[in-house]
Amino acid sequence: MGNLFGKKKATRVTEQDRAVLQLKQQRDKLKQYQKKITLQLEKERQLAKQLLKDGKKEKAILLLKKKRYQDQLLDKTENQISNLERMVQDIEFAQIEMKVIEGLKVGNDCLKKMHEMLSIEEVEKIMDETQDGIEYQKQIDEMLAGSLTQEDEEAVLAELEAITQGEADLELPEVPEEELPEVPEQEPVREKEKVKKKPEREMLAM
């Protein structure tokens, strides 16, 4: 709530702002005067035309002389308005240039502080470390892409031969060619059951 009803921050008015304001006010007054003279000249022209119709040539000539003098004043007024507008534009452009210069000054101060924080030696060290990292990554990429030297190729072939030799030593046992005997459907009578059934038969025979 305090921000809504609080006082707004006052804008600083410079001497250049005051000068531009005064020039614009003078320009506006001259434009009003120019408009007034233009209307008056048109009326005097119509009046001179009417005097000629009425046969009052001398008065018409006198009125046209006055009109001619006011035409010259009108031209001077137009030149003054142009000068004022040009001056206003020059001052406003100069203000823009000052703001640009102030911005450049702030940027230069910021760059100086950054340069003080980071010395040339530290920059060179960082660049060297970055270059080393790039070179290392390039070596990895070349190896993965198959760009191996002759020595690398020979090492790969030797490793392949060692793996092949190791697999050859681990031979599987030979499978017999003769067929295996068939498994009987009923289980064989156990020896103990045969011994048990034999006395029963001898008792029946007696």
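Residues numbered from 1 in each chain as written. Predicted model: local features only at pLDDT ≥ 70, side-chain atom pairs only at ≥ 80, totals over all residues. Heavy atoms only, no water.

With an unreviewed UniProt entry as reference, the protein chain is termed Charged multivesicular body protein 6, source organism Onychostoma macrolepis. The heading Sequence similarities (unreviewed entry) in the UniProt record of the protein chain holds the text "Belongs to the SNF7 family." (UniProt positions renumbered as here; feature names shortened; annotations may be inferred.)

Caption draft 1: Structural context of the UniProt feature "coiled-coil region" (unreviewed entry) in the protein chain. Here the UniProt-annotated "coiled-coil region" (unreviewed entry) positions come out as residues 16-43. A helix fraction of 100% and a strand fraction of 0% characterise residues 16-43, whose end C-alpha atoms lie 41 Å from each other. (Helix = DSSP H or I, 4+ residues; strand = E, 2+ residues; numbered from the N terminus.)

Caption draft 2: The side chain of Thr14, seen in detail. Relative to the helices and strands, Thr14 resides in the loop between helix H1 (2-5) and helix H2 (15-53). Of the residues examined, Thr14 reaches a relative accessible area of 18% and is grouped as buried. Side-chain polar atoms of Thr14 contact the side chain of Gln16, separated by 3.3 Å. (Buried < 20%, exposed > 50% of the residue type's maximum accessible area, 1.4 Å probe, protein only. Polar contact = N/O pair within 3.5 Å; in protein donor to acceptor, adjacent residues only side chain to side chain.)

Caption draft 3: Structural context of the layout of surface pockets. Of the volumes computed, that of the largest pocket is approximately 230 Å³. If you go around the largest pocket, the residues you meet are Arg12, Thr14, Gln16, Asp17, Gln95, Met98, Lys99 and Glu102. The greatest single-element share of the lining of the largest pocket, amounting to 4 residues, is contributed by helix H3 (residues 57-117). Of the residues assigned to the lining of the largest pocket, the class counts are 1 nonpolar, 3 polar and 4 charged. (1 Å grid on protein atoms, 1.4 Å probe; cavity = no way out; pocket = protein on both sides within 12 Å on 5 of 7 lines; lining within 4 Å. Points joined across faces, edges and corners; volume = space filled by probe spheres on them. Nonpolar A, V, L, I, M, F, W, Y, C, P; charged D, E, K, R; others polar.)

Caption draft 4: Summary view of the nonpolar core. One finds Val20, Leu23, Leu30, Ile81, Leu84, Val88 and Ile91 forming the largest nonpolar core, which totals 7 residues. Going through the elements one at a time, H2 and H3 are the ones with two or more residues in this core. Per-element tally for this core: the top contributor is H3, with 4 residues. (Core = buried A, V, L, I, M, F, W, Y, C linked by side-chain atoms within 4.5 Å.)

Caption draft 5: Representation of a negative patch on the surface in the model. Residues Glu121, Glu122, Glu124, Asp128, Glu129, Asp132, Glu135, Asp141 and Glu142 make up a contiguous surface patch of negative charge. Tracing the backbone through its elements, the reader meets Glu124 in helix H4 (residues 120-144). (Patch = residues over 30% accessible without salt bridge, like charges linked within 9 Å, V, L, I, M, F, W, Y side chains within 5 Å. Areas by Shrake-Rupley, 256 points an atom, 1.4 Å probe, with all protein chains shown as cover. Salt bridge = Lys/Arg side-chain N within 4 Å of Asp/Glu carboxyl O. Lys, Arg positive; Asp, Glu negative; His and termini not counted. Charge placed at Lys NZ, Arg CZ, Asp CG, Glu CD.)

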